[in-house]
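Per-entry structural report
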Amino acid sequence: MLGNLTNVGKFGLGIFLVAVVLFVVGFSVPHWAIFHFGHWEFGLWEGCESKISVSKCVSTLNKEFKAFRYLPGWFQATQACACLAFVAIAVNILFRSLFICQKRKIFIFISVILDMVAVAFVFLGAVMFGSEISKYGQVTLLWGFILYVVGGVLLIASAASFLVEYCRLKHKEGALHLERAER
């Protein structure tokens, strides 16, 4: 199945798989930032308040999540961007699988577009989160946020690799049409 992929395509597929794992871990963990003054460590979906020997975790959508007085619009927009990136990645997995099975170049083209859509949402969310959270004083960005961003960066490399693969297929197809026309 992977025999028709060039080394660039195999590299792109490997990078894509690593990017997906990093993105999903970063997307889901409650370790995006910590407020040092309130002892809240949180991600997009869950926050944990640590007091002396007790840690209590709640959904960021729950009223008990008190890292903020109310859930700010920028935080909700970051959640929305992350969800849209997740959807683009999930659909991309389908198109990459279809390409590997059926070798139709339209699937690889759609996959490259989906990579770039996911990247746009990852970075839009990351910039919103990083710029807005810094306004709250003593805040440290944590490893979950970093994995989320690194996953987005790797999606760029994946898109570039599969764009090269797409161009190779397009060139190969053009050469076949030219050869047939000469006969």
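Notes on the structure in this doc start here. Predicted model, so just to flag it, every value in this text is computed and none were measured. (Residues numbered from 1 in each chain as written. Predicted model: local features only at pLDDT ≥ 70, side-chain atom pairs only at ≥ 80, totals over all residues. Heavy atoms only, no water.)

**Describing the overall build of the chain**
- Each helix and strand in the chain was counted, giving four helices and five strands.
- The linear arrangement of helices and strands in the chain, starting from the amino end, is α-β-β-β-β-α-α-β-α.
- In the chain, buried positions account for 39% of the 183 residues.
- Intrachain contacts of the chain at a sequence separation of at least 6 include 66% that bridge at least 24 residues.
- If you sum the accessible surface of the chain, you get close to 10000 Å²; carbon and sulfur atoms cover 68% of it. (Helix = DSSP H or I, 4+ residues; strand = E, 2+ residues; numbered from the N terminus. Buried < 20%, exposed > 50% of the residue type's maximum accessible area, 1.4 Å probe, protein only. Contact = heavy atoms within 4.5 Å. Areas by Shrake-Rupley, 256 points an atom, 1.4 Å probe, with all protein chains shown as cover.)

**Some details on helix α1 (residues 7–28)**
- The end-to-end C-alpha separation of α1 is 32 Å, in line with the 32 Å expected for 22 residues at 1.5 Å each.
- Burial in α1 covers these residues: G9, G12, L13, I15, F16, A19, V20, L22, F23, G26 and F27. (Expected span 1.5 Å × (residues − 1).)

**A look at the side chain of S158**
- Note that S158 resides in helix α4 (residues 143–182).
- For S158, a relative accessible area of 0% translates into the label buried.
- Only 3.4 Å separates the side chain of S158 from the backbone oxygen of G12, close enough to count as a polar contact.
- Not counting residues up to four positions away in its chain, the partners in contact with S158 are G12, I15, F16, R96 and D115. (Polar contact = N/O pair within 3.5 Å; in protein donor to acceptor, adjacent residues only side chain to side chain.)

**Side note on the side chain of E165**
- Looking at the secondary structure, you find E165 in helix α4.
- On the accessibility criterion, E165 (1% relative accessible area) is buried.
- Among the polar contacts made by the side chain of E165, one reaches the side chain of R168 at a distance of 2.8 Å.

**Considerations on the pattern of salt bridges**
- Using the criterion set out here, one finds three salt bridges in the structure.
- When the shortest N-O distance is used, the salt bridge between K135 and E132 registers 3.1 Å.
- Judged by its relative accessible area of 22%, E132 is partly exposed. (Salt bridge = Lys/Arg side-chain N within 4 Å of Asp/Glu carboxyl O.)

**Section: the environment of V91**
- Relative to the helices and strands, V91 is located in helix α2 (residues 73–102).
- Along the backbone, V91 and S111 are 20 residues apart, and their C-alpha atoms lie at a distance of 8.4 Å.

**Points about the nonpolar core**
- One finds F23, F42, F99, F129, I133, Y148 and L155 to be the most contacted residues of the largest nonpolar core, which totals 44 residues.
- Elements supplying a minimum of two residues to this core: α1, β1 (33–35), β2 (40–42), α2, α3 (105–133) and α4.
- Considering each element in turn, this core owes the most residues, 10 residues, to α3.
- Setting aside chain neighbours within four positions, we find Y148 in contact with L22, F23, G26, F27, W32, C81, A82, F121, V122, G125 and A126. (Core = buried A, V, L, I, M, F, W, Y, C linked by side-chain atoms within 4.5 Å.)

**Focus on the packing of aromatic side chains**
- Counted by the stated rule, this structure contains 17 aromatic pairs.
- Relative to F129, the ring of F75 lies with its centre 6.2 Å away and its plane at 50 degrees, an arrangement referred to as tilted. Remark: F129 occurs in helix α3 and F75 occurs in helix α2; sequence separation between them is 54 residues.
- The buried category is assigned to F129, whose relative accessible area is 0%.
- Here the aromatic cluster, defined as three or more aromatic residues joined through ring pairs, consists of F23, F27, W32, F42, W45, W74, F75, F86, F129, F145 and Y148.
- One Lys or Arg, R96, reaches over the ring of F16 and ends 4.2 Å from the middle of that ring.
- The positively charged end of R96 is found above the aromatic ring belonging to F162, 4.0 Å away from the centroid. (Phe/Tyr/Trp six-rings, centres within 6.5 Å; stacked < 30°, edge-to-face > 60°. Lys NZ or Arg CZ within 6 Å of the ring centre and 35° of its normal.)

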